[in-house]
Amino acid sequence: MSHTAVGAPGTPRRYLHSLWLLSARDLKVRYSTSMLGYLWSVLDPLVMSAIYWFVFTQVFHRDVGEEPYIVFLISALLPWVWFNAAVSDFTRAFKKDARLVRSTAIPRSIWVNRIVLSKGMEYLFSLPVLILFVVVNLLIEKNPDQVVQVGWGVLWLPVAVILQTVLLVGLGLLVAPLCVMYVDLERTTALILRAMFYATPIIYNVSALPAQVQTLGAFNPLAGIFMLYRMPFFPEQWNPFALMISVLMSLFILVLGAWVFRRLERPVLKEL
């Protein structure tokens, strides 16, 4: 392809073109090698949501979350799947394509950003799960207290996506090079992600935490982000303090990640 089409080497246009090609390749590999293909983007969160819904509504007495609980759960579970899958892949971002990382002149940050983009696309592909349950609730629910209301909070969804993207890029720039330099960090990251699931307001909301730990819970950068994802359906979840903390921490992690990435880029290339 000509430079006119993809941009000259070293230009933002060439970078974006390469980023799109790598992300599209990841999606093609994921879907073309599976019999169910795209359906996995729907089935995975659907099964997870069904399990948690059954456990917390049919097995245990639940006093957290909002009604309808399935919408409350899925609205945070879907972006969590994006976060969890992206951070997991960051640990292998450079090792997986070590030869290309060493041989190409493209800025190495692209190996992090392509994961954020491809997993973000999978999140968008999974949104029909949420839409399905919202529509079903509107059609069959007779109790007005349990009918989901879609309001002005839907305008916060793009903000939530952008903020989570900033957070993930920062974490990727931090985690990817560190996992090359320190091999044990790959398993450590998996353990941290398991703990983070329960430390993040997915099956509950921040206000359900004991008063003495609510402020601490708000310092989880995902707390404010997931609050924004729930705003279209649960505007009473609005928490400006949690949002402010999420914005500040996401920007801090992005700056820290960029600094660490710049310092470790050469040692990582030698290690690969």
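Cut-off values and rules
- Residues numbered from 1 in each chain as written.
- Predicted model: local features only at pLDDT ≥ 70, side-chain atom pairs only at ≥ 80, totals over all residues.
- Heavy atoms only, no water.
- Patch = residues over 30% accessible without salt bridge, like charges linked within 9 Å, V, L, I, M, F, W, Y side chains within 5 Å.
- Areas by Shrake-Rupley, 256 points an atom, 1.4 Å probe, with all protein chains shown as cover.
- Salt bridge = Lys/Arg side-chain N within 4 Å of Asp/Glu carboxyl O.
- Helix = DSSP H or I, 4+ residues; strand = E, 2+ residues; numbered from the N terminus.
- Axes fitted to C-alpha atoms, helices over the stretch in contact; angles between N-to-C directions.
- Parallel < 35°, antiparallel > 145°, perpendicular 65-115°, else oblique.
- Left-handed = near helix turned anticlockwise from the far one by under 90°.
- Nonpolar A, V, L, I, M, F, W, Y, C, P; charged D, E, K, R; others polar.
- Phe/Tyr/Trp six-rings, centres within 6.5 Å; stacked < 30°, edge-to-face > 60°.
- Buried < 20%, exposed > 50% of the residue type's maximum accessible area, 1.4 Å probe, protein only.

**Quick notes on a nonpolar patch on the surface**
On the surface, Ile131, Leu132, Val135, Val136, Leu139 and Ile140 cluster together into a nonpolar patch covering about 570 Å² of accessible area. Within the secondary structure layout, Ile131 lies in helix H6 (residues 110–140).

**Overview of the packing of helix H7 (residues 157–181) against helix H11 (residues 240–271)**
Across the interface, H7 lies against H11 with an axial gap of 7 Å and an inter-helix angle of 30°. If you check the angle between H7 and H11, you find them roughly parallel. Two packed elements cross with a definite hand, and for H7 against H11 that hand is left-handed. A per-class count over the contact of H7 with H11 returns 23 nonpolar, 4 polar and 1 charged.

**Regarding the packing of aromatic side chains**
As enumerated under the stated definition, the model contains 12 aromatic pairs in all. Ring centres of Tyr69 and Phe72 lie 5.9 Å apart, and the angle between their planes is 25°; on these two criteria the pair is classed as stacked. With a gap of 3 residues between them, Tyr69 and Phe72 both fall in helix H4 (residues 69–90), about one helical turn apart. Classification of Phe72 as buried rests on a relative accessible area of 0%. On the numbers, 5.8 Å between centres and 65° between planes, the contact of Tyr123 with Tyr229 is edge-to-face.

**Let's talk about the pattern of salt bridges**
Enumeration according to the criterion identifies 6 salt bridges in this entry. Residue Asp89 is joined to Lys119 by a salt bridge in which the shortest nitrogen-to-oxygen separation is 3.5 Å. Of this pair, Asp89 sits in helix H4 while Lys119 sits in helix H6; the two residues are 30 residues apart in sequence, bridging distant segments of the chain. Residue Asp89 is classed as partly exposed on the basis of its relative accessible area, which comes to 21%. Exposure remark for Lys119: the relative accessible area of 12% places this residue in the buried category. Between Lys119 and Glu122 there is a salt bridge, with its nearest N and O atoms 3.8 Å apart. With Lys119 and Glu122 both in helix H6, this residue pair falls 3 residues apart, about one helical turn. Taken together, the shared-partner salt bridges connect Asp89, Arg92, Lys95, Lys119, Glu122 and Glu186 into one network.

Everything listed is a geometric property; what it means functionally is a separate question.
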